[in-house]
Amino acid sequence: MSKPKTLSHLRAGVIGTGFIGPVHIEALKRLGVQVTAICGSTKNAQATAEKWGIPEVYGDYDYESMFRSPNVDVVHITSPNKVHVVQSLAALKAGKHVVCEKPLGMNSKETGRLVKAAAKSNRVFAVNYMCRFFPGVLQMREMVKRGDLGQIIHVQGHFFQDWLLQQTDYNWRLLASEGGKLRAVGDIGTHWIDAVSFVLGAKVESVFATLETFHKTRLRPKGEVQTFAKADPKTMVRYKVDTEDFASILLKFGKAKHRYVDGVHANASISQVAAGWKCSLAAGIYGTEGSVQWDLQHPNEIIVGRRDEPNQILQRGTAGFMEDVANFTDYPGGHPEGFPDSHKMHYRAVYEHIASGKRTPLLFATAEDGHHEVRLCEAILKSNEHQRWINV
Ligand SMILES: NC(=O)c1ccc[n+]([C@@H]2O[C@H](COP(=O)([O-])OP(=O)(O)OC[C@H]3O[C@@H](n4cnc5c(N)ncnc54)[C@H](O)[C@@H]3O)[C@@H](O)[C@H]2O)c1
């Protein structure tokens, strides 16, 4: 179990008040971090401030004024993808540490600039690939590193959702101009790739992908709707869809620092139109001595498979999970933790890194990792276009 630590001297400012902004706020408050400022549309920023007791309110998306506040040490960017880079660059320039939502940007040219700015800044920069901080994912990583599964042969999995199944389902992510040229892959596929890369301790070197758009045209409301919210079909207009609904991706990983991963093959299916699946990031890691599987929809357990011994279900917060992993969970076994806790554990790691003067282990995704995911998206797009393997 983790030792209680206080992070209450650090102060956060959050940009964005939609679906994920309040997830950041809640996690920070649970950690004891002060949330001192909020930025968004004038109406929503005010309402969010009132709900959470946040003293400084910056309406009209005026993030630059928020960055001038002496009461903000760390900026959380939870706005739509197309403004991540411009807001991150401005935050670094103002001397703030940054936690930016994924994907890091719209293309690798802009995220490349951000990598350089983050390296020069002497500030901590994290990308919110928080799936790394589910204890199940951390446990799989330890098992791979320790050689429990032997030499890793291949990985298989998916990230499936169904919230964009209907033609009338709408969100800004559906528009390439708002979310980027890749939608399902950029939005959730990069979570899968980042989590699996983290477990293996290796980066993807090449990809072969097929993308498909089932709804070639969709209907959208005249105004904006918050993520996962339903719009009124009577007020809708038809538009041509320029992003994919699903993808099949083959990936080849490079060498890890340890000896158990070298040239691992993986295949992943990514879909936002898979009926019945709400948020299932699932991965199976298959080695010469055994396998391990985990699914975000059942985050408190992993399944260990052996050829000549009985399979096991190991539960978070019990002796089945290793001591290092226990530092990333607050409640005992049988008291489930999930999505909000993964954010909490991620921000704890980031804020402890800040508080320690960057001396704690760098487990979270950096600007470079976020940039790598965007480069991967571009390679996937190119592979789909040319139907061949593309090196990243
Ligand atoms: N890590 C995760 O698990 C996770 C989950 C969901 C979303 N996200 C990411 O978070 C970001 C936001 O997604 P969401 O689902 O909350 O979207 P959303 O549409 O629900 O909310 C976006 C918010 O940003 C605000 N906004 C729009 N333009 C802005 C601007 N120029 N400056 C400041 N704020 C602006 C909107 O008013 C809204 O409050 C996206 O990049 C998305 O990929 C990450």
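Residues numbered from 1 in each chain as written. Predicted model: local features only at pLDDT ≥ 70, side-chain atom pairs only at ≥ 80, totals over all residues. Heavy atoms only, no water.

## Things to note about the overall build of the protein
Move 1: When helices and strands are tallied, the protein shows eleven helices and 17 strands.
Move 2: A compact globule built from 392 residues would reach a C-alpha radius of gyration of about 21 Å, and the protein, at 21 Å, matches this within 12%.
Move 3: Projected onto the principal axes, the alpha-carbon positions of the protein cover approximately 60 × 50 × 40 Å.
Move 4: Of all 392 residues assigned to the protein, the portion counted as buried reaches 59%.
Move 5: Contacts in the protein between residues far apart in sequence, at least 24 positions, make up 70% of those at least 6 positions apart.
Move 6: With an accessible surface of roughly 17200 Å², the protein has 52% of that area assigned to carbon and sulfur atoms. (Helix = DSSP H or I, 4+ residues; strand = E, 2+ residues; numbered from the N terminus. Rg over C-alpha atoms; globule rule 2.2 N^0.38 Å. Buried < 20%, exposed > 50% of the residue type's maximum accessible area, 1.4 Å probe, protein only. Contact = heavy atoms within 4.5 Å. Areas by Shrake-Rupley, 256 points an atom, 1.4 Å probe, with all protein chains shown as cover.)

## Description of the site of the ligand
Move 1: Taken together, 26 residues sit near the ligand, with N81, K102, W172, R173 and T227 positioned nearest.
Move 2: For the ligand, an oxygen atom lies 2.6 Å from a polar atom in the side chain of N81.
Move 3: Within the contact set of the ligand, an oxygen atom lies 2.9 Å away from a side-chain nitrogen or oxygen of R173.
Move 4: Protein chains shield 88% of the accessible area of the ligand, which is 850 Å² for the free molecule.
Move 5: Judged by the proximity of its atoms to the pocket grid, the ligand belongs to the largest pocket.
Move 6: When residues of the shell around the ligand are traced back to their parent elements, those giving at least two are α4 (84-93) and α8 (184-200). (Near = heavy atom within 4 Å. Polar contact = N/O pair within 3.5 Å; in protein donor to acceptor, adjacent residues only side chain to side chain. 1 Å grid on protein atoms, 1.4 Å probe; cavity = no way out; pocket = protein on both sides within 12 Å on 5 of 7 lines; lining within 4 Å. Sits in = over half its atoms within 2 Å of the grid points.)

## Brief notes about the environment of G317
Move 1: By the element assignment, G317 lies in the loop between β16 (312-315) and α9 (323-326).
Move 2: For the pair formed by G317 and Y331, sequence separation is 14 residues and the distance between their alpha carbons is 7.1 Å.
Move 3: Apart from the residues within four sequence positions on either side, G317 is in contact with P332 and G333.

## Regarding the domain arrangement of the protein
Move 1: With domains assigned, the protein is organised as domain 1 (11-129) and domain 2 (131-337 + 362-386).
Move 2: Distance from the C-alpha centre of domain 1 to the C-alpha centre of domain 2: 24 Å.
Move 3: At the interface, 23 residues of domain 1 touch 28 residues of domain 2.
Move 4: Linking domain 1 with domain 2 are two salt bridges, by the criterion used here.
Move 5: The closest approach of N and O atoms between E178 and K82, which form a salt bridge, is 3.0 Å.
Move 6: Put simply, domain 1 and domain 2 have nine residue pairs in polar contact (both at pLDDT 80 or more) between them.
Move 7: Residue assignment for the side of domain 1 that touches domain 2 shows that the elements contributing at least two residues are α5 (108-121) and β6 (125-127).
Move 8: The element that contributes the greatest number of residues to the side of domain 1 that touches domain 2 is α5, accounting for five residues. (Domains from an automatic or database assignment. Salt bridge = Lys/Arg side-chain N within 4 Å of Asp/Glu carboxyl O.)

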